[in-house]
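Structural features, examined
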4 protein chains.
Amino acid sequence: MADRFLPELAVSQWFNVSSPPTTASLRGQVVVIEAFQMLCPGCVTTGLPQAQRVAATFGPDVVVLGLHTVFEHHQAMTPVSLEAFLHEYRITFPVGVDQPSAEGDLPITMRRLGLRGTPTLLLVDRAGRIRAEAFGHADDLALGAQIARLIDEPAPTVPDLASPTT
Amino acid sequence: MADRFLPELAVSQWFNVSSPPTTASLRGQVVVIEAFQMLCPGCVTTGLPQAQRVAATFGPDVVVLGLHTVFEHHQAMTPVSLEAFLHEYRITFPVGVDQPSAEGDLPITMRRLGLRGTPTLLLVDRAGRIRAEAFGHADDLALGAQIARLIDEPAPTVPDLASPTT
Amino acid sequence: MADRFLPELAVSQWFNVSSPPTTASLRGQVVVIEAFQMLCPGCVTTGLPQAQRVAATFGPDVVVLGLHTVFEHHQAMTPVSLEAFLHEYRITFPVGVDQPSAEGDLPITMRRLGLRGTPTLLLVDRAGRIRAEAFGHADDLALGAQIARLIDEPAPTVPDLASPTT
Amino acid sequence: MADRFLPELAVSQWFNVSSPPTTASLRGQVVVIEAFQMLCPGCVTTGLPQAQRVAATFGPDVVVLGLHTVFEHHQAMTPVSLEAFLHEYRITFPVGVDQPSAEGDLPITMRRLGLRGTPTLLLVDRAGRIRAEAFGHADDLALGAQIARLIDEPAPTVPDLASPTT
């Protein structure tokens with residue numbers, strides 16, 4: 001199967017971050033992305049608490065990002081509501097608002113990623129490849145194993161573009 | 001201790017109801033009021049599920065009402081957001097939006113009731129008296145006992161205002 | 001339906017009690033009986049914790065009794081093992097060992113009661129009538145209501161046997 | 001810190017196994033040992049279910065073993081009682097009865113391992129070294145990561161004793 005790479009995140013607004021992450025800035029790091037909606041019960045009950053546990057357990061070895069992929073009830077889940085939600089649920093990792101699309105209900109990054117719904121957990125390796133995608137519930141033991149293995153993979157060797165190769 | 005009566009509910013908008021309840025229409029019924037905020041984690045985790053269990057367990061013997069007492073993050077918990085919340089969390093009992101006050105953060109009914117915060121569960125007897133108030137967690141066994149006892153109390157005898165009393 | 005009365009408890013050994021309860025001594029009191037086996041997962045997970053909550057919630061208004069109705073693995077659940085179990089799980093209400101029968105696997109009281117298995121919760125009113133029987137899971141709200149109603153029933157009037165009735 | 005090796009397991013009886021494991025037979029495999037007592041609530045509630053999840057999640061990549069380290073209530077937790085317990089709680093991985101000691105309450109393997117109590121989870125690498133020990137609760141995410149890393153370590157190179165080395 002061909003590698004599947006994390007596309008650029010189309011985010012209209014970031015919370016809990018000073019400098020917005022980009023695929024370039026994430027390069028070389030293991031990234032865990034929690035795609036959620038603030039009014040999705042499964043996200044509130046299981047998805048987001050798991051993302052918080054991942055951040056607490058793996059610390060600086062992974063980058064945990066939330067992606068607010070609103071595909072229904074758009075007027076109900078605005079950035080103003082999201083900000084209060086993040087405050088009340090004590091979510092401290094960076095969260096980006098997936099950019100609404102003019103072409104339909106699905107926001108742009110969600111469409112690029114081809115996500116089925118929320119919550120969805122994505123694991124991205126140091127080279128930017130999406131290595132796992134879990135829609136709904138993900139088991140902690142198996143997830144811990146997957147993340148550890150991504151952390152332990154060697155960083156990709158990046159060709160030095162500036163150097164002459166001849 | 002003097003009796004404490006349920007004040008008129010100052011509600012700007014009702015959901016899940018065709019005819020808005022009033023103290024007069026509630027008279028003669030046992031009423032369970034769940035005061036909550038849609039972005040309050042304790043309300044989502046324990047308070048509202050308990051109110052749903054009360055409605056499922058006692059059926060027509062009690063009237064379960066939600067009261068959305070927003071006292072913080074007002075812009076984040078508008079009626080538009082609340083409506084989606086009720087849909088997503090499958091809350092089917094009547095929910096009223098406590099009317100915002102021009103004089104401060106606390107909405108009018110919450111101020112009238114002197115509530116300390118959310119979630120708060122109120123039990124109101126057939127005569128309109130507030131018989132119990134639980135801020136935070138309420139135990140199911142004790143709550144079931146309290147509600148059964150209110151149900152089993154005789155309905156208040158209402159003086160027939162039309163009758164001459166001489 | 002005809003009334004069904006609590007039969008005499010055939011108990012070979014009591015724990016956590018100085019004076020063994022009898023149907024006569026229980027007369028006039030609301031009694032909650034938890035029939036269990038110490039190696040039954042449902043009893044350990046839900047039945048016994050619920051009986052402990054009942055004892056904590058209703059205090060002196062009810063008598064909570066455990067009945068160790070061993071109907072399988074008899075050699076594995078002897079009184080010696082039960083005593084350690086009660087200690088480790090901090091069960092402090094009286095527990096009786098249902099007397100083994102010479103005629104089959106079911107102990108005597110369990111057979112008299114016609115129980116289907118464990119855990120089973122029985123509610124007995126002040127007159128000694130079995131008013132409710134729950135095999136498996138019982139809901140706390142409904143149970144609290146049932147117990148409160150039994151507590152609130154008037155004590156049975158006992159005919160004074162010593163008085164002449166002519 | 002010096003390496004700490006798994007000592008030979010002093011086991012008086014095995015359940016769920018045809019051929020008793022030995023340090024020699026375990027060599028080359030990642031081993032997860034759950035030391036428990038059948039009447040220890042923490043073992044029943046968290047320790048053993050976690051060991052079952054480990055077995056289900058990692059399948060043939062790890063060997064999960066239970067060790068029944070009875071250090072109190074010896075008469076209450078005999079092999080007869082343990083066998084019924086394993087049946088009722090559907091524990092299907094091999095469980096060994098830690099051999100009682102003539103010299104005190106602690107059984108022999110528990111003493112050799114220097115365990116503090118139950119539940120205790122031990123992780124043993126392919127070379128027989130104890131790599132982690134968790135007394136009480138162990139977090140699933142962190143445990144999954146630790147086990148994955150032990151699985152991914154290369155098997156130790158065993159000197160071929162039969163070969164001449166000169």
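Look above for the structure.
Anyway, here's the lowdown on the structure attached to this text.

**Focus: helix 2 (residues 41-58) of chain C**
Taking 1.5 Å of rise per residue, the 18 residues of helix 2 of chain C would be expected to cover 26 Å, and the 25 Å separating its terminal C-alpha atoms lies within 8% of that figure. Residue Gly47 of chain C marks the point of greatest curvature in helix 2 of chain C, where the axis turns by about 35°; the proline Pro49 of chain C follows within four residues. Every buried residue of helix 2 of chain C is accounted for by Cys43, Val44, Gly47, Leu48, Gln50, Ala51, Val54, Thr57 and Phe58 of chain C. The elements touched by buried residues of helix 2 of chain C are helix 5 (140-152) of chain B, strand 2 (30-36), strand 3 (62-68), strand 5 (120-124) and helix 5 (140-152) of chain C together with helix 2 (41-58) of chain D. Directly beyond the C-terminal end of helix 2 of chain C, a positive phi value near 45° is found at Gly59 of chain C.

**Some words on the packing of helix 5 of chain B against helix 5 of chain C**
In the contact formed by helix 5 of chain B and helix 5 of chain C, the axes pass within 7 Å of each other and the chain directions differ by 50°. One finds that helix 5 of chain B runs oblique with respect to helix 5 of chain C. Both helix 5 of chain B and helix 5 of chain C take part in a crossing whose hand is right-handed. Counted together, Asp140, Leu141, Ala142, Leu143, Gly144, Ala145, Ile147, Ala148, Arg149 and Asp152 of chain B of helix 5 of chain B and Asp140, Leu141, Ala142, Leu143, Gly144, Ala145, Ile147, Ala148, Arg149 and Asp152 of chain C of helix 5 of chain C form the full contact between these two elements. Partitioned by chemical class, the residues of the contact of helix 5 of chain B with helix 5 of chain C number 12 nonpolar, 2 polar and 6 charged.

**Brief notes about the interface of chain D and chain A**
The interface is formed by 14 residues belonging to chain D together with 14 residues belonging to chain A. At the level of secondary structure, the elements contributing two or more residues to the side of chain D that touches chain A comprise helix 2 and helix 5 (140-152) of chain D. Here the side of chain D that touches chain A gets 10 residues from one element, more than from any other, and that element is helix 5 of chain D. Each residue belonging to the side of chain D that touches chain A can be placed in one class, and the counts come to 7 nonpolar, 2 polar and 5 charged.

**Topic: unusual backbone geometry**
Residues and elements named next belong to chain B. Omega for the peptide link from Thr118 to Pro119 comes to -5°, which places this bond in the cis form. Within the fold, Pro119 resides in the loop between helix 4 (108-113) and strand 5 (120-124). One non-glycine residue, Asn16, adopts positive backbone phi at about 60°. Looking at the element boundaries, Asn16 is found in the loop between strand 1 (11-15) and helix 1 (23-26).

**As for the relation of the copies chain A and chain B**
Rotating chain A by 180° about the axis while translating it 0.0 Å along that axis superimposes it on chain B, leaving an RMSD of 0.0 Å. Read as a symmetry element, the transformation amounts to a two-fold axis. The share of interface residues of chain A whose copies in chain B are also at the interface is 100%, consistent with both copies meeting through the same surface.

**Concerning the sheet that holds strand 1 (residues 11-15) of chain A**
Residues and elements named next belong to chain A. Across the sheet, which stays open at both edges, the 6 strands sit in the order 1-4-3-2-5-6 with mixed pairing between neighbours. The strands lining the two open edges of the sheet, one partner per strand, are strand 1 and strand 6 (130-135). Strand-to-strand twist of the sheet, defined as the mean angle between neighbouring strand axes without regard to direction, takes the value 20°. Across the sheet, helix 2 (residues 41-58) lies against strand 2 (30-36), strand 3 (62-68) and strand 5 (120-124), angled at about 160° from strand 2, the strand it touches most.

**Quick word on the nonpolar core**
Ranked by internal contacts, the top residues of the largest apolar core, which has 185 residues, are Ile147 of chain A, Ile147 of chain B, Ile147 of chain C together with Ile147 of chain D. The contact partners of Ile147 of chain A, leaving out residues within four places of it in the chain, are Val30, Val32, Val54, Phe58, Val62 and Leu123 of chain A together with Ala145 of chain D.

**What to know about the sheet that holds strand 5 (residues 120-124) of chain D**
All names here are of chain D. Here we have 6 strands laid out as an open sheet, ordered 1-4-3-2-5-6, and mixed in their pairing. The sheet is open, and its two edges are formed by strand 1 (11-15) and strand 6 (130-135), each paired on a single side. Each adjacent strand pair in this sheet contributes to an overall mean axis angle of 20°, direction not counted. Both strand 2 (residues 30-36) and strand 5 contribute to a ladder of 5 bridges, which runs antiparallel. Residue Val32 lies in a different strand from strand 5, and its bridge partner there is Leu123. Its contacts with the sheet put helix 2 on strand 2, strand 3 (62-68) and strand 5, and the angle it makes with strand 2 is roughly 160°.

**Some remarks on the interface of chain A and chain B**
Contact with chain A, which involves 14 residues of that partner, is made by 14 residues of chain B. Among the secondary structure elements, those contributing two or more residues to the side of chain A that touches chain B are helix 2 and helix 3 (79-88) of chain A. Among the elements that take part in the side of chain A that touches chain B, helix 3 of chain A stands out by supplying 6 residues, more than any other.

**What to know about the relation of the copies chain D and chain A**
Overlaying chain D with chain A gives an RMSD of 0.0 Å, the required rotation being 180° about an axis along which the chain moves by 0.0 Å. When the interface residues of chain D are mapped onto chain A, 100% of them again fall at the interface, so both copies present the same face.

**Here we look at the pairing of strand 6 of chain A**
Pairing of strand 5 of chain A with strand 6 of chain A, which is carried by 5 bridges, proceeds in the antiparallel orientation. Within strand 6 of chain A, the position partnered with Leu123 of chain A by the bridge is Ala132 of chain A.

**Describing helix 3 (residues 79-88) of chain C**
When we look at burial in helix 3 of chain C, the residues that qualify are Ser81, Leu82, Ala84, Phe85, Leu86 and Glu88 of chain C. Check the buried side of helix 3 of chain C and you find it contacts strand 1 (11-15), strand 3 and strand 4 (95-98) of chain C together with helix 2 and helix 3 (79-88) of chain D. Of the residues flanking the end of helix 3 of chain C, it is Arg90 of chain C, one or two places downstream, whose phi is positive at about 55°.

**Topic: the arrangement of the chains**
At no point do chain A and chain C touch; the closest pair of C-alpha atoms across them sits 22 Å apart. As for chain D relative to chain B, no contact occurs, and the smallest C-alpha gap between them is 22 Å.

**Re the environment of Phe135 of chain B**
Residue and element names in this part refer to chain B. Inspection of the secondary structure assignment puts Phe135 in strand 6 (residues 130-135). Phe135 sits 13 residues away from Leu122 along the chain, and the two C-alpha atoms are 8.9 Å apart. Excluding its chain neighbours within four sequence positions, the residues that come into contact with Phe135 are Arg116, Gly117 and Thr120.

**Here we look at the environment of Thr23 of chain D**
Residue and element names in this part refer to chain D. Assignment of secondary structure puts Thr23 in helix 1 (residues 23-26). C-beta crowding within 10 Å serves as the criterion here: with 14 such atoms nearby, Thr23 is assigned to the partly exposed category. Along the primary structure Thr23 and Glu72 are separated by 49 residues, whereas in three dimensions their C-alpha atoms are 27 Å apart. In this structure, Thr23 is in contact with Leu6, Glu8 and Gly128, ignoring residues within four places of it in sequence.

Each value, and the rule that gives it
By convention here, each chain's residues receive numbers from 1 onward along its written sequence. Numbering of ligands from 1 and lettering of chains from A proceed in the order in which they are written. A pLDDT threshold of at least 70 governs which residues receive local features in this predicted model, and a stricter bar of 80 or more applies before side-chain atom pairs are shown or counted, although totals over entire chains, interfaces and linings include all residues. Secondary structure is summarised from DSSP: a helix means a run of H or I of at least four residues, a strand means a run of E of at least two, and numbering begins at the N terminus for each. A helix is expected to span 1.5 Å multiplied by its residue count minus one. We define the bend at each residue as the angle formed by axes fitted to the 7 residues ending at it and the 7 residues starting at it. Exposure classification rests on a simple neighbour count of other C-beta atoms within 10 Å of a residue's own: a residue reaching 20 or more is buried, one at 12 or fewer is exposed, and one in between is partly exposed. C-beta atoms are placed from the backbone. Once C-beta atoms are placed from the backbone, any two residues with those atoms within 7 Å are in contact. Inter-axis angles, ranging from 0 to 180 degrees, are taken between N-to-C directions of lines fitted to C-alpha atoms, where helices are fitted over the stretch in contact. Working definition: roughly parallel below 35 degrees, roughly antiparallel above 145 degrees, roughly perpendicular at 65 to 115 degrees, and oblique for all remaining angles. Left-handed describes a crossing in which the near helix is turned anticlockwise from the far one by less than a right angle; the clockwise case is right-handed. Polar here means any residue other than Ala, Val, Leu, Ile, Met, Phe, Trp, Tyr, Cys and Pro, which are nonpolar, and Asp, Glu, Lys and Arg, which are charged; Gly is therefore polar. Copy-to-copy alignment: least squares on C-alpha atoms, limited to residues at pLDDT 70 or above in both. Any two strands with at least two DSSP bridges between them are considered paired. By definition, a nonpolar core groups buried Ala, Val, Leu, Ile, Met, Phe, Trp, Tyr and Cys residues that are joined through C-beta atoms within 7 Å.

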